[in-house]
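Inside the fold
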Amino acid sequence: MACISPLFFLSARVPMQFRVKFWELTACKRKTWLSWSLQRCCSSDTSLSSSDHLSSGLERYRDLQKYFRRRLKDAYHRFSNIPDYSVVSGHHHLYFTEEDGIYRMDKKQSHLEPEQVLNLRQISGELEKTGLENNKRKQRFQWTVQRIRLSPQERHLAASLKCTHTEELRCVVVRLERRRFLPLHPQHVTLTLEKVFSFEWATDEILFYSTLEGLRSSAVFRLDLTSSGSRITSVFEEMQPDVFVEVALTRDRQILTINCNSRTSSEVLLSDIATSNLDPFVVQPRQLNLLYHVEHWRSRLIILWYFTETFIFPFNFQVVQAPVSEPSMDSWVSLFAPEPGTTIKDMDVVGDHCVLVARTPVSELALIVVPLIHPKNANIVQLPSWACAIKTKKPGLADQQNMLEFLISSPVHPPVPYCLHPENGLLLSGTGDGSSPENQADYITTRLEACSQDGTFVPVTLFHTVPVEHLRQAPLLVHVYGAYGRDLNMEFYPEKKVMLEQGWALAYCHVRGGGERGLSWHRQACVGGKRRGVEDLQACLHHLFSLGVSSPSLTALTACSAGAVPVGALCNRHPILMRAVTLQAPFLDVLGTMEDHSLPLTLEDRDEWGDPVGNPEQRHIITSYCPLHNITPQHYPSMLLTAYSGDNMVPLAGVLKYTEQLKKAVHTHSSMKPKSECKPAPNIALNIQPGANHLGTEDFELMLEEEALKLAFLYMELGLDPPRPPRKRRR
């Protein structure tokens with residue numbers, strides 16, 4: 001499955017967990033909250049230093065934090081059995097991840113004890129030792145299984161691992177042998193590859209992989225496993241610094257692709273696995289403003305392409321076909337183009353059909369099925385109206401290729417499995433009626449549009465439990481991102497479900513700069529258009545309040561990473577629109593960061609933010625909205641900022657500088673007013689955690705601490721009474 005819109009924004013200030021998800025075009029999603037709750041990682045002790053001394057203003061929330069921690073832990077366990085497609089199916093075995101490694105179960109002899117394939121403790125060096133100091137406080141050092149790939153005949157397994165606190169990536173190759181009877185020892189680890197980002201098997205003995213150096217993936221290598229050992233050779237190296245490289249397999253496993261994408265162009269190289277010659281060749285040379293993705297069907301390529309200059313071509317997206325032997329643009333033959341206003345998010349080839357995941361003009365998800373033999377007979381398959389996110393299953397080695405399995409969810413609705421049979425358009429729910437462990441009838445999904453300052457209508461998704469007209473006294477949490485062409489994350493999170501059950505309304509503002517309405521939606525809020533994202537967010541808040549949804553005194557904003565830019569800018573311009581703000585790994589010093597060429601993302605991010613060093617006009621624009629450089633003495637909302645000491649995407653120095661200046665501005669404003677006129681001063685809390693994770697810890701217990709702190713902060717700053725625990729029924 002190809003995630004199309006995020007495919008074009010590269011190694012930017014995007015949360016790593018989303019980057020892995022979006023860049024891995026044909027792979028399973030990496031570890032989610034569910035695998036947190038199941039503790040699918042291996043931990044050992046390390047001497048990483050604590051950053052507690054940098055945190056401030058947190059003590060007043062500790063008691064309520066403990067309460068919410070218990071509530072959240074119960075909620076995560078409540079949803080611990082929902083489907084997540086984490087099991088990988090081979091010809092003979094099913095592979096799954098447990099706390100200490102990867103296991104497999106024989107399909108024909110399921111009564112046998114599962115056999116361990118990979119022991120994570122051996123990989124991390126966590127062996128039984130003596131003489132360790134028992135009383136020292138230490139950080140948990142974790143290895144987490146990210147992805148599993150089986151070779152075509154199930155002779156080898158490759159698995160990528162990530163180190164929690166350092167973002168270190170590693171790929172382990174395991175030779176799969178016949179089942180070993182008791183005692184069960186792990187299979188033989190053939191070798192370990194460092195800094196591997198994406199990888200796919202071409203044959204049982206040949207693995208292609210790309211590496212991640214810093215925050216850039218530019219090189220592809222080939223690993224040959226021979227009877228005498230192994231050999232690694234260089235296959236491809238991308239020289240342009242703004243191009244991100246990854247390897248993938250087409251759904252039918254016949255073609256291996258090397259995808260080289262920037263925000264303004266694409267270039268795909270192919271290796272035909274069915275032939276003995278695996279040397280890659282180019283489909284269509286890179287061309288400015290031409291973006292495309294490739295799938296395979298029979299002896300032809302199915303290509304989804306987007307040309308950003310719409311005055312040249314009448315369609316934003318098109319599906320075309322071309323012979324594998326002549327893949328360039330001159331040979332492209334049009335198959336299908338969606339209606340104007342429809343945004344294509346994903347593409348897959350299932351049997352003799354092309355299946356497109358689309359977002360309709362009214363912002364709902366739908367499937368478009370295009371018969372490749374008779375493309376004029378394309379039809380739309382409607383999904384439940386509450387569906388906000390979709391995750392497709394990567395077919396196993398022995399799985400059927402003529403059906404598409406996927407999960408749909410929303411921030412407050414757990415994933416529900418569905419299966420599409422394109423031949424007859426039959427859509428089946430894994431639960432029969434499309435329900436889930438939690439009935440969606442207990443809440444309402446409302447899709448709105450807010451008119452921005454320039455007349456553009458901005459989509460808003462609202463979740464609530466009572467009719468809109470009864471939401472005036474409800475607390476409101478507003479989510480926003482609006483950068484890099486990435487859609488606002490709309491996947492399920494138990495903490496959002498908990499908030500909804502406690503009477504909150506949850507709003508998701510799909511402002512420009514994101515990808516909800518295609519690449520043009522993103523480009524309208526790049527560089528000189530960044531102010532549009534701020535104006536869109538302001539318009540969304542005004543629209544919600546005008547409908548009777550909550551009020552500024554009961555409203556909080558939340559964002560992560562680059563989503564902090566529109567939030568921080570709005571706090572400077574109109575702080576009366578909200579009472580509290582929570583920011584995670586916040587990008588707040590746009591000007592200072594884009595001036596520093598020594599930082600890993602500065603040069604690549606010029607297309608997003610501009611060049612304040614070489615372009616005076618762009619410097620003026622950045623200065624006009626940069627959250628850090630527009631702080632002024634006034635009454636700000638209370639704010640909780642969570643950052644990570646080793647974060648390479650958002651420098652910690654910018655967060656510390658912002659917090660310091662904000663506190664000074666709050667103090668100055670308070671001292672300027674007579675005590676009789678002063679409102680209670682806002683609380684500015686800073687939570688600095690160790691580690692390099694850009695979007696938070698992957699340790700379940702530490703994640704609970706962070707989320708519970710956010711809830712405690714929101715309840716206290718909005719003046720809400722803590723929710724009462726549910727009464728136990730008498731027997």
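Notes on the structure follow. (Residues numbered from 1 in each chain as written. Predicted model: local features only at pLDDT ≥ 70, side-chain atom pairs only at ≥ 80, totals over all residues. Heavy atoms only, no water.)

What follows is about the pattern of salt bridges. All told, the structure shown has 34 salt bridges when counted by the stated rule. Arg69 is the partner of Glu701 in a salt bridge, and the nearest nitrogen-oxygen pair spans 2.1 Å. Linking Glu701 in helix 13 (residues 700–717) with Arg69 in helix 3 (residues 62–78), this pair joins segments that are 632 residues apart in sequence. With a shortest N-O distance of 3.1 Å, Lys345 and Asp487 are connected by a salt bridge. Highlighted residues: Lys345 in strand 23 (residues 343–350) and Asp487 in the loop between strand 33 (476–480) and helix 5 (494–501), separated in sequence by 142 residues. Asp487 shares its class with Lys345; the two are buried. Through salt bridges with shared partners, one network takes in Arg69, Lys73, Glu701 and Glu705. (Salt bridge = Lys/Arg side-chain N within 4 Å of Asp/Glu carboxyl O. Helix = DSSP H or I, 4+ residues; strand = E, 2+ residues; numbered from the N terminus. Buried < 20%, exposed > 50% of the residue type's maximum accessible area, 1.4 Å probe, protein only.)

Turning our eyes to something else, we now look at the pairing of strand 11 (residues 196–201). Within strand 11, six of the six residues are buried, which leaves the element mostly enclosed by the surrounding structure. Relative to strand 12 (residues 206–213), strand 11 runs antiparallel, the two being bridged by five bridges. Paired with Ser198 across the bridge in strand 12 is Ser210. Here strand 11 hands over to strand 12 after four residues, the two strands then running antiparallel side by side. (Pairing = 2+ DSSP bridges.)

Quick look at the sheet that holds strand 13 (residues 216–226) now. Strand order in the open sheet made by the four strands is 11-12-13-14, with antiparallel pairing throughout. The open sheet has two edge strands with one neighbour each: strand 11 and strand 14 (229–237). The mean inter-strand angle of the sheet, taken between neighbouring strand axes irrespective of direction, is 25°. (Axes fitted to C-alpha atoms, helices over the stretch in contact; angles between N-to-C directions.)

This part takes up the sheet that holds strand 37 (residues 638–644). Read across the open sheet, the eight strands follow the order 31-32-34-33-35-36-37-38; overall the sheet is mixed. In the strand order of this sheet, the two ends are held by strand 31 (444–451) and strand 38 (684–689), each with one partner. Going across the sheet, the axis of each strand differs from the next one's by a mean of 20°, ignoring polarity. Where strand 35 (residues 555–560) and strand 36 (residues 580–584) come together, five bridges link them in parallel fashion. Looking at the pairing, Thr558 lines up with Thr582 of strand 36. Here helix 8 (residues 564–573) sits on the sheet in contact with strand 33, strand 35, strand 36 and strand 37, set at roughly 140° to strand 35. (Contact = heavy atoms within 4.5 Å.)

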